[in-house]
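Spelled out from the first residue to the last, the chains are:
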Amino acid sequence: MHEAPPTPSPISPAAPAEPLSHGLKQRHLTMLGLGGVIGAGLFVGSGAGIAVAGPAIVVSYLIAGALAMLVMRMLGEMSAAMPASGSFSVHAERALGRWAGFSVGWLYWFLLVVVLAVEATAAAQIAHGWVPGVEPWAWVLLFMVVFSVANLTAVKNFGEFEFWFASLKVGAIVVFLVLGGLAVFGLLPDTDPVGTTNLTGQGGLLPNGWSGVVSGVLTVVFAFGGLEVVTIAAAETDDPARAVGRAVRSAVVRILFFYVGSMLVIVTVLPWTAQQAGLSPYVKVLDAIGVPSAGQIMNIVVFVALLSALNANLYGSSRMIFSLAERGEAPRGLLKVSGGGADGSSGQAGGVPRRAVLASVAFGFVSVLLNLLWPDTVFLYMLNSVGAVLLFVWALIAASQLRLRARLEQEAPDALALRMWWFPYLTWVTLAGLLGVLLLMLTDDAARPQVLWSAGATALVLLVAVGREWRERRARRDPSALTDR
C-alpha cells in the first residue's frame, strides 16, 4: 500500500482519469437520484411515522427532507468540483486526512452490504407469497445472481435496471398523487369532497404535540438514505461535474414533492388513526377510494422498490471498496477491472471492477445467510451496528465540505459549479441538526441500541484507521520498523 502524506492532499479539480466505464447517461443518473430513496421505507415504513405524528407527519418529512437536501447540496458541491467513484470518502480524505476517508468509506460499504440482506430477504418474502412452491432462500439466490451478473457486465446494464425500476416507482407515486388529489376534491365516482376534516379532527394537526413531530423525524429520516449513490455514479458519466449538478438539483426538489405530497394526500383522505405501523398507508388510501386489488398493486411496487435498492446498494458498495483500494485502504487485488490491468491503470474504457463487485456480493451473501439463520440475534446485532451509520456519514460529509469549500475558493474557485447555500451557516445548521437527531435517538428506547451499536462500530473503524496512520508515520521515521507490506 502507498504511504499517505501526513496532511490532506492538495485539491485538484481535474481529477485523474479512473479506469472505470463512462457508460452511464444523464437520464440514468437523474432517475437514480429520484428512485434511489423511493423505496419500502416510503411505501410501508411511513405508516409508523403517521402513527406517532398524525397529520404532522408532513412537518416531520419536511424537516427530515430539508436535512437530506442540505447534505446532498454539500455533497453535490464537492462532487461537481472533484468527481470520484469514492465520492464522500475521497472528499473526507482530502479535507480531514486518511483516517476520515478510510473510516467513512468502510462504514458506508458495511452499511450497504448489510442493508442489502434486508432488501433481498424482504423481496423474497413477497415473491414467496406469489409462488409458494419456491422457498424464500431460492428467491434470494436468484435475486443475488441476477443483479451480480448485471453489475459484473457493462455499467450501462446497472443504469438501465435502475432507470426502469425508478420509472415504475415514480410513475406509481404520480398516479397515487393524481388519484388522491381527485379524491380530496370529490372528483372521483361515488366520492364527496374530503375537505380538511381529517386534518383538524382526531386531535388536530398536532395530536401528539411537537414530541410527535420529533418522533416522526426519527422514524422517517433514514428513508432518505440512498441519495449518496448519485454522486458515486456520477464518476462513470461522460461529464461528471455537469451530471452530478443536474442530478442533485432535480432530485432533492422532486423527492421532497413526492414524499411530502404523498403524506399530505394520505392524512387528508383518511384519518391518521386509521394507519398502522407495518401496513402500507398507500394501500389503505387506494382501498378507500375504490381502486381494485390495491394491496396486490402495492406489493408489486414495493417488490420493485426492494430490487431497485438491492441493485443500487450492490453498485454503490462495489464502487466504494474499489475507491478504497485505489487509495491503498483496501486490498489492491480489488483494482482489477474488466479489460484492464491488475492495477486498474489500463486506459481502456468500459472497465467494470469485477473483483470489487464479487467482494461486495460475497459479503452480501454472508449477510443474507445470517439474516435467514439468526435474524433475531447475530444479524440483529449487525443491523443495529449500521442503524445510525448514515447519520455519521452525513456528518462527515458536512465536516468535509466546511474544510474543502474554503480551500476550493482559494485554490480552484472555477471548480465551484454548484455551491452550497448560505455557506457556512447552513452547513453548521446541518451539523447541529444531525447531532440533535442522534441525541434524540439516545432518548428513544427503540432507537438507542442502534446509536450505541453504530457508535461502537464507528469507534472500532476509527481505531483501525488511527492505528494504521500511527504505524505508517513510525515507518517513515524508521523504515526498518515496518515489515514488508
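Since this is a predicted model, take the numbers as computed values, not measurements.

Peer 1: Tell me about the overall build of the protein, and please be specific about residues and values.
Peer 2: For the protein, the helix and strand inventory stands at 19 helices and 0 strands. Relative to the globule expectation of 23 Å for 485 residues, the C-alpha radius of gyration of the protein, 23 Å, shows essentially globular dimensions. Projecting the C-alpha coordinates of the protein onto the three principal axes gives extents of approximately 80 × 55 × 45 Å. When each of the 485 residues of the protein is scored for burial, the buried share is 55%. Carbon and sulfur atoms provide 67% of the accessible area of the protein, an area that totals close to 19,500 Å². Taking the 30 positively charged and 28 negatively charged side chains of the protein as two groups, their mean positions are separated by 6 Å.

Peer 1: Quick one: what's the story with helix H14 (residues 294–326), residue by residue and with numbers?
Peer 2: Taking 1.5 Å per residue as the helical rise, H14 with its 33 residues ought to reach 48 Å, and the 48 Å between its terminal C-alpha atoms agrees with that figure. Across the 33 residues of H14, 26 count as buried, placing the element largely inside the fold. A positive backbone phi angle near 80 degrees is found at Gly 328, which sits one or two residues after H14.

Peer 1: Could you give me a rundown of the nonpolar core, with the residues and numbers involved?
Peer 2: In this structure, Phe 143 and Trp 394 are the most contacted members of the largest nonpolar core, which totals 158 residues. Looking at this core element by element, the count peaks at 18 residues for H14. Setting aside anything within four residues of it in sequence, one finds Trp 394 in contact with Ala 68, Val 71, Val 221, Phe 224, Gly 225, Glu 228 and Leu 434.

Peer 1: I'd like a rundown of the environment of Thr 268, residues and numbers included.
Peer 2: For Thr 268, the position within the fold is in helix H12 (residues 240–269). Along the chain, Thr 268 and Thr 197 lie 71 residues apart, while their C-alpha atoms are 7.7 Å from each other. Not counting the four nearest positions on each side in its chain, Thr 268 is found in contact with Val 184, Val 194, Gly 195, Asn 198 and Leu 199. A distance of 2.6 Å separates the side chain of Thr 268 from the backbone oxygen of Leu 264, its partner in a polar contact.

Peer 1: I'd like a rundown of the confidence of the model for the protein, residues and numbers included.
Peer 2: Counting all residues, the mean pLDDT for the protein is 83, and 91% of those residues have values of 70 or more. Per-element confidence in the protein is highest for helix H18 (residues 425–443), whose mean pLDDT is 93, and lowest for helix H1 (residues 26–35), whose mean pLDDT is 76.

Peer 1: An account of the packing of helix H6 (residues 98–130) against helix H19 (residues 448–477) is needed here, citing residue identities and associated values.
Peer 2: Their axes nearest at 9 Å, the elements H6 and H19 cross at an angle of 145 degrees. The hand of the H6/H19 crossing is right-handed. Across the interface between the two elements, Arg 98, Trp 99, Phe 102, Ser 103, Trp 106 and Leu 107 from H6 touch Ala 457, Thr 458, Val 461, Leu 462, Val 464, Ala 465, Arg 468, Glu 469 and Glu 472 from H19. When the residues that make up the contact of H6 with H19 are grouped by side-chain class, the tally is 9 nonpolar, 2 polar and 4 charged.

Peer 1: With reference to specific residues and values, describe the packing of aromatic side chains.
Peer 2: Per the counting criterion, the structure on display carries 20 aromatic pairs. A centroid spacing of 5.1 Å and a plane angle of 70 degrees characterise the contact between Trp 130 and Phe 303, whose relative ring orientation is edge-to-face. With Trp 130 in helix H6 and Phe 303 in helix H14, the pair connects residues that are 173 residues apart, well separated along the chain. A ring pair is formed by Phe 147 and Phe 165, whose centres lie 6.2 Å apart and whose planes are at 55 degrees; its orientation type is tilted. With Phe 147 in helix H7 (residues 136–152) and Phe 165 in helix H8 (residues 155–184), the pair connects residues that are 18 residues apart, well separated along the chain. Here the two residues Phe 147 and Phe 165 agree in accessibility, since each one is buried. Taken together, the ring pairs connect Phe 102, Trp 106, Trp 109, Phe 110 and Phe 363 into an aromatic cluster. The ring of Phe 163 is capped by Arg 27, whose NZ or CZ atom sits 4.6 Å from the centre of that ring.

Calculation notes
- Residues numbered from 1 in each chain as written.
- Predicted model: local features only at pLDDT ≥ 70, side-chain atom pairs only at ≥ 80, totals over all residues.
- Heavy atoms only, no water.
- Helix = DSSP H or I, 4+ residues; strand = E, 2+ residues; numbered from the N terminus.
- Rg over C-alpha atoms; globule rule 2.2 N^0.38 Å.
- Buried < 20%, exposed > 50% of the residue type's maximum accessible area, 1.4 Å probe, protein only.
- Areas by Shrake-Rupley, 256 points an atom, 1.4 Å probe, with all protein chains shown as cover.
- Lys, Arg positive; Asp, Glu negative; His and termini not counted.
- Charge placed at Lys NZ, Arg CZ, Asp CG, Glu CD.
- Expected span 1.5 Å × (residues − 1).
- Core = buried A, V, L, I, M, F, W, Y, C linked by side-chain atoms within 4.5 Å.
- Contact = heavy atoms within 4.5 Å.
- Polar contact = N/O pair within 3.5 Å; in protein donor to acceptor, adjacent residues only side chain to side chain.
- pLDDT = per-residue confidence, 0-100.
- Axes fitted to C-alpha atoms, helices over the stretch in contact; angles between N-to-C directions.
- Left-handed = near helix turned anticlockwise from the far one by under 90°.
- Nonpolar A, V, L, I, M, F, W, Y, C, P; charged D, E, K, R; others polar.
- Phe/Tyr/Trp six-rings, centres within 6.5 Å; stacked < 30°, edge-to-face > 60°.
- Lys NZ or Arg CZ within 6 Å of the ring centre and 35° of its normal.

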